[in-house]
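Inside the fold
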Amino acid sequence: MLPKAPSGIDGLDEITEGGLPKGRPTLICGSAGCGKTLMGIEFLVRGALAYHEPGVLMAFEETSEELAANVASLGFDLPALQAQKLLRVDHVHVDRSEIEETGEYDMEGLFIRLGYAIDSIGAKRVVLDTIESLFSGFSNQAILRSEIRRLFRWLKDKGVTTIITAERGDGSLTRQGLEEYVSDCVILLDNRVIDQITTRRLRIVKYRGSTHGTNEYPYLISEDGISVLPVTSLRLEHKVSDQIVSTGISALDEMFGRRGFYQGSSVLLTGTAGTAKTTLAAAFAQEVCQAGGRCLYFAFEESPHQLIRNMLSVNIDLEAHVREGNLMIEASRPTLNGLERHLVTIHKLVRDFQPTAVVIDPISNLISVGNVNEVRSMLTRLIDFLKVSNITGLFTSLISGSMQMDTTEEGVSSLVDTWISVRDLEGVGERNRGLSILKSRGMAHSNQVREFIITDKGIELLDVVVGPTGIITGASRLVRQLQEQAQEVSARQELARKDRELERRRRVLEATIANLRTEFESVEEEFRQLNNEEHDRQKGQVMDRVKAARAFSPSDTSTPNNQQPNS
Amino acid sequence: MENQAAANTEAPEEDYWELRLYVAGQTAKSVAALANLQKYCEQHLVGRYRLEVIDLLVNPQLAEGDQILAIPTLVRKVPVPIRKIIGDLSNEERVLVGLDIRPAGHPITR
């Protein structure tokens with residue numbers, strides 16, 4: 001493994017897989033205004049501050065004071081670093097008019113100066129900016145070329161990590177066509193203007209002894225120095241969360257098998273104009289804040305105040321969350337910056353604000369800044385970045401009505417985990433809003449197109465009404481509902497009537513039962529009477545016989561014998 | 001050159017050369033340069049010059065002050081403006097032109 005010196009420049013170390021080749025020369029070439037010098041200075045400053053490697057800057061074009069003033073706005077304090085012996089700036093002044101050449105010479109003086117500067121502070125890093133200035137000061141090209149070759153060799157032997165900057169030439173990487181062959185690593189900077197928007201790009205042309213990212217990567221010169229934007233998760237191995245975040249609309253939650261989105265997933269919300277994409281996005285933002293999260297809302301169409309006012313009309317109070325600091329609305333016109341600047345702004349804000357959810361409303365507006373491929377690559381980076389950070393991302397996208405549903409302009413549909421589509425359901429003389437879930441990775445979801453309305457209480461999903469020709473919406477839904485109500489009323493009345501009838505029948509039967517019971521009671525009474533009378537009569541007969549027996553007993557002893565069978 | 005000539009007529013007492021030769025060790029080029037320089041000075045500037053030889057291997061910190069890149073470099077500190085001649089000084093004519101020295105034996109036309 002080749003030892004590497006981390007540059008400390010945002011993103012560059014990821015592309016170079018660890019940094020620049022340690023102890024070897026690296027060439028940075030590019031046309032004017034690419035930030036070659038800045039990249040060199042940042043390499044030294046970061047090296048000195050973050051890695052404790054002192055550095056020497058040999059400047060052929062600008063003086064020490066000029067350089068210090070140029071980078072002061074980036075927060076690089078060169079005089080302070082010089083005072084701490086972490087940096088040494090040596091301005092080399094080459095003026096052809098002062099110099100007369102006669103006979104043989106070499107550039108030993110340059111070596112001695114550089115060697116002295118390196119040794120005086122124990123430098124590990126060297127930047128030569130721009131070495132080709134030598135060619136304008138000396139006429140003997142043959143000597144210069146061989147001396148520059150020797151210089152590269154000498155720097156390697158010294159073991160210092162070196163950056164050499166060079167102006168880009170016609171058809172070759174450098175004007176002299178020399179430096180790129182003697183450097184171990186070549187980084188090409190490019191500054192392109194397409195449709196009036198400037199994009200800076202960086203490419204590693206070669207890197208001896210190491211693999212590296214081979215693409216062109218956009219980079220930016222921001223207030224914090226240079227940022228290169230690699231695709232952060234080249235390998236798709238980010239960890240995923242099993243937590244669920246609500247969509248902010250309970251009826252919409254119901255449509256998902258697990259009642260919401262996965263935390264850290266990316267959600268695409270597409271729809272034609274005026275289908276309440278922003279409202280849905282705002283409802284989500286509000287929900288995130290209410291659930292104790294933090295939401296970062298990028299509005300590319302409305303100013304924060306306009307957004308807050310408009311959302312208040314549908315009972316989504318964003319201002320309260322803004323005041324509490326849970327919600328941050330960042331509004332700007334997409335054309336304000338190039339795509340990369342937007343991406344860096346998003347990266348930076350995400351790092352600073354630490355949100356749990358990010359809303360970008362809408363991503364389709366970014367099309368106006370770049371072409372489809374660029375937008376796609378930017379969104380890929382963004383989605384990857386959010387996923388790696390486990391931040392839920394919700395993107396709205398405007399699609400034109402005539403377009404096929406399965407391909408959004410940006411082609412991000414395959415990147416996102418959940419795709420909600422809102423659209424106009426245009427019927428006879430009216431238009432209604434319908435919402436459906438096209439996909440939701442990792443959970444079941446409803447297949448219905450749900451009509452929804454926006455009231456002053458928020459978004460409401462209406463119940464599904466199935467008519468003879470499928471799901472019906474709008475006025476037909478109302479008609480249908482009225483019909484149903486009428487049917488229900490008549491059914492209710494019918495039911496009540498039947499109940500009353502039953503009651504009547506019951507009462508009639510009960511009355512009959514009571515009658516019968518009364519009748520039965522009188523019959524019973526009668527029988528009981530008869531019974532009693534019979535009893536009494538039999539008792540009377542017995543008594544009579546006893547009396548009769550007693551009367552005959554002295555004369556007739558056989559009477560008791562006669563009486564026995566009777567008793 | 002007309003200006004130079006005018007300056008000389010106005011201040012002839014400044015007709016004095018202060019020269020510095022930067023070398024790096026005893027390389028062939030350095031030795032040749034020093035020998036050539038001493039020869040020209042003795043020929044054309046007898047008693048009107050001071051020559052200082054600086055070995056950058058001994059005093060590397062001095063390289064920055066005179067913006068030395070090439071070795072050997074001859075610097076004319078006085079008279080101003082500063083002029084630099086690099087190389088082994090083998091071409092006498094160019095050295096004299098570079099130092100703005102009129103060769104002895106050629107009277108100056110005024």
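Residues numbered from 1 in each chain as written. Chains lettered and ligands numbered in written order. Predicted model: local features only at pLDDT ≥ 70, side-chain atom pairs only at ≥ 80, totals over all residues. Heavy atoms only, no water.

An unreviewed UniProt entry lists chain B under the name Circadian clock protein KaiB, with Hymenobacter telluris given as the organism.

1. Section: the packing of aromatic side chains
Residues and elements named next belong to chain A. Counting across every chain of the model gives 4 aromatic pairs over all chains. Between Tyr105 and Phe138, the aromatic rings sit 6.0 Å apart at their centres with planes inclined by 35 degrees, giving tilted as the arrangement. With Tyr105 in the loop between strand S6 (99-101) and helix H5 (108-121) and Phe138 in the loop between helix H6 (133-137) and helix H7 (141-158), this pair connects stretches of sequence that are 33 residues apart. Judged by its relative accessible area of 2%, Tyr105 falls in the buried class. Taking relative accessible area as the criterion, Phe138 reaches 2% and is therefore assigned buried. On the numbers, 5.6 Å between centres and 65 degrees between planes, the contact of Phe261 with Phe284 is edge-to-face. Taken together, the positions of Phe261 in strand S14 (residues 261-262) and Phe284 in helix H10 (residues 277-290) put the pair 23 residues apart, joining distant regions of the chain. Each member of the pair, Phe261 together with Phe284, is buried. An aromatic cluster is built from Phe256, Phe261 and Phe284, whose rings are joined through pairwise contacts. (Phe/Tyr/Trp six-rings, centres within 6.5 Å; stacked < 30°, edge-to-face > 60°. Helix = DSSP H or I, 4+ residues; strand = E, 2+ residues; numbered from the N terminus. Buried < 20%, exposed > 50% of the residue type's maximum accessible area, 1.4 Å probe, protein only.)

2. Things to note about the pairing of strand S5 (residues 87-91) of chain A
Residues and elements named next belong to chain A. Of all 5 residues in S5, 4 are buried; the element is thus mostly enclosed. By the bridge criterion, 5 bridges tie strand S4 (residues 55-59) to S5 in an arrangement that is parallel. Bridged to Ala59 within S5 is His91. (Pairing = 2+ DSSP bridges.)

3. Section: the sheet that holds S6(A)
Judged by pairing direction, the sheet is mixed, and its 5 strands sit side by side in the order S6(A)-S4(B)-S3(B)-S1(B)-S2(B) without closing on themselves. Among the strands making up the open sheet, the edge pair consists of S6 of chain A together with strand S2 (49-55) of chain B. This sheet shows a mean twist of 20 degrees between the axes of neighbouring strands, independent of strand direction. Contacts from helix H4 (residues 92-99) of chain B reach S6 of chain A together with strand S1 (17-23), strand S3 (73-78) and strand S4 (83-86) of chain B within the one sheet, and its direction differs from that of S4(B) by about 165 degrees. (Axes fitted to C-alpha atoms, helices over the stretch in contact; angles between N-to-C directions. Contact = heavy atoms within 4.5 Å.)

4. Quick notes on helix H15 (residues 474-552) of chain A
A rise of 1.5 Å per residue sets the reference length of H15(A), with its 79 residues, at 117 Å; its end C-alpha atoms lie 115 Å apart and thus fit the reference within 8%. All of the buried residues along H15(A) are A:Gly474, A:Arg477 and A:Ala549. (Expected span 1.5 Å × (residues − 1).)

5. Points about the interface of chain B and chain A
Opposite the 27 residues of chain B that make contact, chain A presents 26 residues. Taken over both partners, the interface formed by chain B and chain A buries close to 2300 Å², and the fraction arising from carbon and sulfur atoms is 56%. Counting every contact that joins chain B to chain A gives 4 salt bridges. As a salt-bridge pair, B:Arg83 and A:Glu100 come within 3.9 Å of each other at their nearest N and O atoms. Where chain B packs against chain A, one counts 18 residue pairs in polar contact (both at pLDDT 80 or more). Breaking the side of chain B that touches chain A down by element, the ones donating at least two residues are helix H3 (62-65), S4 and H4 of chain B. (Buried area = accessible area lost by both parts, 1.4 Å probe. Salt bridge = Lys/Arg side-chain N within 4 Å of Asp/Glu carboxyl O. Polar contact = N/O pair within 3.5 Å; in protein donor to acceptor, adjacent residues only side chain to side chain.)

6. Description of the packing of helix H2 (residues 28-44) of chain B against H4(B)
To characterise two packed helices, one gives the angle between the axes of the helices and the distance between these axes. All names here are of chain B. It is the contact of H2 with H4, at a shortest axis distance of 11 Å, that shows an interaxial angle of 65 degrees. In this view, H2 runs roughly perpendicular relative to H4, as classed from their interaxial angle. Crossing hand, H2 versus H4: right-handed. Contact residues: Tyr40, Gln43 and His44 in H2; Glu92, Val95 and Leu96 in H4. Taken together, the residues that form the contact of H2 with H4 break down as 3 nonpolar, 2 polar and 1 charged. (Parallel < 35°, antiparallel > 145°, perpendicular 65-115°, else oblique. Left-handed = near helix turned anticlockwise from the far one by under 90°. Nonpolar A, V, L, I, M, F, W, Y, C, P; charged D, E, K, R; others polar.)

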